Amino acid sequence: MQDKRLKYLLVVPAVLVVFATAIWPLIDSLRLSFTVGRLTRPNFPQAYIGLENYNWAFFDEPAFWNSVTVTSIYTIVTVALTTLIALGLAMLLAPGGRLRSGVQTLLILPFAMSPALIGVSFRFMFNPEFGLFDAFFGLLFPPLADISWLSDPVLAFVVCVIADVWGWIPFLTLVLIGGLASIPRDTIEAAQVDGAGGWRVFKDVTLPQLMPVLAVVLILKAIFSLKTFDQVYMLTNGGPGTATQTLSHYIYFNGFKYGQIGYSASVAWLMVIPMLVLTYFYAKFVFRKD
Amino acid sequence: MARVSLTNITKRWGDFIGVDNQSLEINDKEFLVLLGPSGCGKTTTMRMIAGLEEPTAGEIRIGDRVVNDDLPKDRDVAMVFQNYGLYPHMTIFDNIAYPLKVRGTPKAEVAPRVEKAAAQVELTEFLHRKPKALSGGQRQRVALARAIVRTPKVFLMDEPLSNLDAKLRVTMRAELKHLSRQLQITTVYVTHDQIEAMTLADRVAVMKNGVIQQLGTPDEIYNDPANLFVAGFIGSPAMNLINGSVKDGMFVTTGGTSLVKVGISDRDAVVLGVRAEDVEIHQPGEGDIDLKVYAYENTGESVMLTVQFGQQRVIARGDRHLRMDMDDTVGLRLNPDHLYLFDPASENRIGNG
Amino acid sequence: MTGRQRKQFWNAIQIILILIAAGIMIIPIIWIFLAAFKSHVDVYQLKLFFSPTLENFSTVFQSPYDLGHKLFNSTVVAGVTVLFAIPIATLAAYSFSRFRLRGETTLLVMILATQFVPAVVIVLPFFVMFRDIGLLDTRTGLILVNLAIVMPFAIWMIKGFIDGIPIDTEEAAMVDGSTRLQVIWNIVLPMAAPGLFTAGIFCFIIAWNEFLFALILTNKNAVTLPIGLALFKAEEGDLWNLLSAAGIIIMLPMFILALTIRRYFVQGMTMGAVR
């Protein structure tokens, strides 16, 4: 067979699968977002109601805005913390050697853990009576001893952030270690010989060359922070009240607990938009010319 | 301006010995070349002077100061790296200015000094570009400019020309030589290219397996090799090395051919060394021995004859007008004034022809 | 301090920081491991020393928890997902890697983008459709949606591996008389095999850990392990010793798989953005 036909034939199955499993549902979600879409009523998904669902979200639902706020703060805090800590850890671990590569190997483990399981583990860790971290924080700051972390709106949010950061640091660290390794060693040595001390080498030579990888890491982490669901579901289930209700959780709750599929779909699509923006920037890095 | 002295320097990584208890004195304003094949410890030696590697044992002095405990930044050296080590995110100007900036040179002084250094390597018009926009030769000049923008105690150059194409390498070599004579700063230069070593050096240290085999002027290294390794490493084509023995004052090959009169007493095992240009080509019957041509190569400026000699092959360099062909017979004569004899066991030189 | 002393001092600080970081990473995991071997009395105390028991592991496999069924579901769902994803992804990846296609960049970006779409968006139409055609709470349904999250990773990862195979060998085979399909079968597949294996394991882990689809699309027959965790909430609170035992069953196989492909994790997750 001619290559010019074969090459399209080869991608057909994959493109079909991607369309069927991702593109179609994305578009169908958009369609659903313009319908009444209540699971409880017959003749699903019922009539088209234009932008009614979007109106509802924007003007009649404080809970929607609450989850927007929660998700935004959650994203900003987790992205900043994870990236900063991972950068520090990557700098610590990059030189290699037995101890450092051993720890690098350990970093795989939290990453292979299911996020749901991480959520469960942290609920365990922060149990006021027998949680290990609870005991540890209690030791450091006695006022925090035996606090019921997950019943306090602020502390519950903090625990969610800690669990997220804990789960994502390993991956980000490994990416950044890879980024550091790709910086030509002689540029760093040149700076040392030119007279720069440790901090100046980092600031003037290492960090600028790490920027592309750092940008990728930031975007990727932002995307995954925005989507956060599993951990929060297992850790606090959005509570107490709606203190830790992320957008994904809000959509899940409205769609499958209250049966408002149409409304959920509209909120879901509001969430797709920032995601597409981030994807655009991400793709720029993937297809950049070196 | 400074002497550099290495005293009993050793560098070990686990079981691997990079540099084995070596001492080396580099004089003020001297251009010293460390020459050897890859893995011989030449780069390691230089990196220890720069402070990029710590010696396992021994003492390094720059000027009067023991620098073993100094970080690279405190050693007052400048280095040109094999891949140049340019800062890709900075302009050429900022690249050259970096050693000044980081040492807190007053702002007003920076620009004139950068411009002067750039002018010395003919980069003035590229100062606002980034390294990516320059050719290999131009990048090389940036690295050079970054080194000469200050007046360091020592220049260190790690195979600075090895990434250039052959033609550019010759030009840059001359420029480098000119520059170094101008600047009069102690320089340590690492290379595996013997021509660079011969042309640039005041003295050459030939290294192998972490040991300096011979330290001397290019002239000494070429004409007075201390051992088989130096003899074989220096010169292109490599020196012909013929196995045999000495009987009744004559060198006799392993094949039993009595070849040439030599000046040492009888010995069982000897290696005779002779350079291609010291093998004279004559008509058959007019030399020491008649041999068949294995290959004839015309390089333009001379011709090379490879002849089959028992199990071995010998290369002779002849006049550029000489024309020959495979399987022709020639008479070869070894110039008795330029023969070297080595002991195959110790590999040391034991005498001349 | 001399330069070297300062360097040694900083090195010591670094080692301490590394050890602290390693501790923070590993202690929760160890704690879960310990808890899984604690009796239901010991687990409700901060005990480091206790008499270990294997009882939790047998309890979780019994009624009403019946973890064996979930283990089976998880294995089948993740396994079949991978079995579909890898061959399909390999063909596409080969074409993307070796040919210039019209609209190639658009397609690749689209595939990339689907990975970033929140799962909760994708699941809505699937829920409605599965409800209508009776695929709710079936492994088949779950496999279908899992393909959505696994395919982009698989395509991008395998493309990366094939990009790394020098084209010379293929060209030599074609000069020697092979057809394109023979080249793919005889040359590319064997050479890319480690990459396909890696991508397969990577996708298996992702499918295994998948939570949201399983939460929404299953409730009894097709429930997978991560959802099974929710079973251990009793009236009197969470049954931590059983949760921990279940946790080990979920994470231990993934740890082992992850370690075998350690080198490629970063490459896989960033889909070509970090090489």
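Note that the coordinates shown come from a computational prediction; the quantities given were computed from them, not determined experimentally.

**Side note on the interface of chain C and chain B**
- Between chain C and chain B, the residue contacts involve four residues of the former and four residues of the latter.
- A combined buried area of about 520 Å² lies between chain C and chain B, and 43% of that area is made up of carbon and sulfur atoms.
- Taken together, the connections running from chain C to chain B amount to one salt bridge.
- Two residues, Lys-7 of chain C and Glu-54 of chain B, come together in a salt bridge whose shortest N-O distance is 3.5 Å.
- One can count one residue pair in polar contact (both at pLDDT 80 or more) joining chain C with chain B.

**Some words on the interface of chain A and chain C**
- Each partner contributes to the interface: chain A provides 91 residues, whereas chain C provides 95 residues.
- Carbon and sulfur atoms supply 82% of the area that chain A and chain C bury against each other, a total of about 8,400 Å² over both sides.
- Counting the surface chain A buries against chain C, the share from its top three residues, Leu-10, Phe-124 and Phe-130 of chain A, is 8%.
- At the boundary of chain A with chain C, the tally comes to one salt bridge.

**Thoughts on the domain arrangement of chain C**
All names here are of chain C.
- For chain C, the domain assignment lists domain 1 (3–56) and domain 2 (65–270).
- Relative placement of domain 1 and domain 2: their C-alpha centres are 32 Å apart.
- Across the interface of domain 1 and domain 2, roughly 870 Å² is buried in total on both sides, 76% from carbon and sulfur atoms.
- Considering only the side of domain 1, the residues that lose the most area to domain 2 are Phe-33, Tyr-44 and Asn-56, jointly responsible for 48% of the buried surface there.
- For the interface between domain 1 and domain 2, the tally reads zero salt bridges.
- The interface formed by domain 1 and domain 2 holds one residue pair in polar contact (both at pLDDT 80 or more) in total.
- Per-element accounting of the side of domain 1 that touches domain 2 gives the leading share, five residues, to helix H1 (residues 3–36).
- A breakdown of the residues in the side of domain 1 that touches domain 2 according to their chemical character gives eight nonpolar, three polar and one charged.

**Thoughts on the sheet that holds strand S3 (residues 31–35) of chain B**
Residue and element names in this part refer to chain B.
- If you trace the six strands from one edge of the open sheet to the other, you get S6-S7-S8-S3-S9-S10, paired in mixed fashion. Two strands in the sheet have a free side with no partner beyond their single neighbour: strand S6 (77–80) and strand S10 (211–216). Each adjacent strand pair in this sheet contributes to an overall mean axis angle of 20°, direction not counted.
- Sheet topology note: the S3/strand S8 (residues 186–191) ladder contains five bridges and is parallel. Paired with Phe-31 across the two strands is Thr-187, which belongs to S8.
- Helix H4 (residues 136–148) contacts S6 and strand S7 (154–158) of the sheet and is inclined by roughly 175° relative to S6.

Parameters at a glance
- Residues numbered from 1 in each chain as written.
- Chains lettered and ligands numbered in written order.
- Predicted model: local features only at pLDDT ≥ 70, side-chain atom pairs only at ≥ 80, totals over all residues.
- Heavy atoms only, no water.
- Contact = heavy atoms within 4.5 Å.
- Buried area = accessible area lost by both parts, 1.4 Å probe.
- Salt bridge = Lys/Arg side-chain N within 4 Å of Asp/Glu carboxyl O.
- Polar contact = N/O pair within 3.5 Å; in protein donor to acceptor, adjacent residues only side chain to side chain.
- Domains from an automatic or database assignment.
- Helix = DSSP H or I, 4+ residues; strand = E, 2+ residues; numbered from the N terminus.
- Nonpolar A, V, L, I, M, F, W, Y, C, P; charged D, E, K, R; others polar.
- Pairing = 2+ DSSP bridges.
- Axes fitted to C-alpha atoms, helices over the stretch in contact; angles between N-to-C directions.

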